[in-house]
Structures are given as C-alpha cells and as structure tokens.
Amino acid sequence: KLLSEVLSRTYRYILAIRLLPISVDKYKIERVTGFDEAFDLLWQTYPKGGIIIRDKSASSLRWRYENHPIKKFHVAKFIYEERFIGYIVYSLERDGKCFIVDVLVLEPKFLKPVMKLFIQRLSRDTNAKSIRLKLNTNHPYSINFRQMGFIKKLEGDVFQTFVPDNGNFPSACKWFLTRG
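Calculation criteria
- Every chain is numbered on its own, with residues counted from 1 as its sequence reads.
- Owing to the predicted nature of the model, reporting of local features is limited to residues with pLDDT of at least 70; listing and counting of side-chain atom pairs is limited to 80 or more, with chain, interface and lining totals taken over all residues.
- Excluding hydrogens and water, the side-chain figures rest on all heavy atoms present in the structure.
- Pairing of aromatic rings covers Phe, Tyr and Trp, the last counted by its six-membered ring, and requires centre-to-centre distances within 6.5 Å; plane angles under 30 degrees mean stacked, over 60 mean edge-to-face, and any other angle means tilted.
- Throughout, exposure labels follow a simple rule: accessible area from a 1.4 Å probe, protein chains only, divided by the maximum for the residue type, with under 20% read as buried, over 50% as exposed, and the rest as partly exposed.
- At least two bridges found by DSSP between two strands is the condition for calling them paired.
- Think of it this way: any DSSP run of H or I at least four residues long counts as a helix, any run of E at least two long counts as a strand, and we number them from the N terminus.
- Structural elements are reduced to axes, namely lines fitted to C-alpha atoms, with helices fitted over the stretch in contact, and the angle between N-to-C directions of any two is expressed from 0 to 180 degrees.
- Contacts were defined at the residue level, with two residues in contact if any of their heavy atoms lie within 4.5 Å.

Asker: Quick question: what am I supposed to make of the packing of aromatic side chains here?
Answerer: In total, this model carries 10 aromatic pairs according to the counting rule given. Aromatic side chains Trp43 and Tyr46 sit 6.0 Å apart centroid to centroid with 15° between the ring planes, which places their arrangement in the stacked category. A single burial state applies to Trp43 and to Tyr46, both of which are buried. Here Tyr65 and Phe73 contribute two aromatic rings whose centre-to-centre distance is 5.1 Å and whose plane-to-plane angle is 75°, an arrangement assigned as edge-to-face.

Below is the structure:
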C-alpha cells in the first residue's frame, strides 16, 4: 500500500508539472445548476462537420443528467474572455473518484486550459483523489487527454436512448437500457 501511494503521489506531481505551462489567463469556470438557453446556443454554434456526435441541446442534456433517476451530476460552464465556450458534466463519489461524463468545447485549443482550471477547482473544493472519463479511441479529445496524463483503459458498452419531448412516449419511459 505504501508503494502504491508513493507512486500515485509521484505521478500526480509529474502531471501537475506538465500542466504548469498551460496558461489559464482569460478563462473562468462557473458551476451552474442546470442547462439553460445558453447551452442551446453553444450547441448550435458547435462545429459538427466530420464527426459523429450525439445531440447536446439543452433538452437532451437535461434528460441525460438533470433528470437521471439514480446519479447526481454537477455542471460547470467554461468561459473565455466573457464568452461561453464549453461545459463539463461530472459526478463525485464518496470514495474520492470524480467521473467526467461529458465535456464539450467550441475549439480543441480550449480543452487543455479549461481542464487545468477544472482540475485546480476540483482539487481545491472537493476531496476527489482521482478523475476518470470514458472516451472512445476516435474521440477528437483523446489525444489531448492522453497528453494531460489520462491513461487509456478498455472501453465498456453502455448505451442510452433519448426520446425527444415531442415523442409519443410517456415520461416514465424515457430511459431504456439496451446493453450495459
């Protein structure tokens, strides 16, 4: 146990040094309680060409995270020069694990500075001991996350289906487990 703690602390120290040169001037992170019309505007302006991405409109995000029947998720907006450029959705577990379940930024150049801010805020405000996220190998952010020290793990299979508000399904039937 002592050896693993020493190695863990050493690795975290190395990662902190790697994040030092990333400038966060002009960036802010703001915790929010939900998904408002600003998220719709962000989604409308997000460049979707050449990638496969699920709907990230405010109604879809509310369904996926605010209305989740089991988990409590936290949401933070990323701001650059007073402009809303992205968000992160995460959960905090009692054992000190933070799970990032969704992150979106308008341009890849914003990812490292906002993640540095997120890590700093998380370290300051919570008892999180580790941060985990799940991305497929072709995700546009995977290289950046690896460069920041996130380690690749085997992928699992979890699928969710969103039924838009204008569907004919009763509200109680909006969650479907297809495999997991």
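Asker: How should the sheet that holds strand 4 (residues 97-105) be read in this particular structure?
Answerer: What holds strands together in a sheet is hydrogen bonding between their backbones, with the strands either parallel or antiparallel. Spatially, 1-2-3-4-5 is the arrangement adopted by the 5 strands of the open sheet, whose pairing is mixed. In this open sheet, the two strands that pair with only one neighbour each are strand 1 (27-32) and strand 5 (130-133). For this sheet, the mean angle separating the axes of adjacent strands, direction not counted, is 30°. Bridge count between strand 1 and strand 2 (residues 74-80): 6 bridges; the pairing is antiparallel. Within strand 2, the position partnered with Arg31 by the bridge is Ala76. Sheet contacts for helix 2 (residues 37-45): strand 1, strand 2, strand 3 (83-92) and strand 4; angle to strand 3, the most-contacted strand, approximately 110°.

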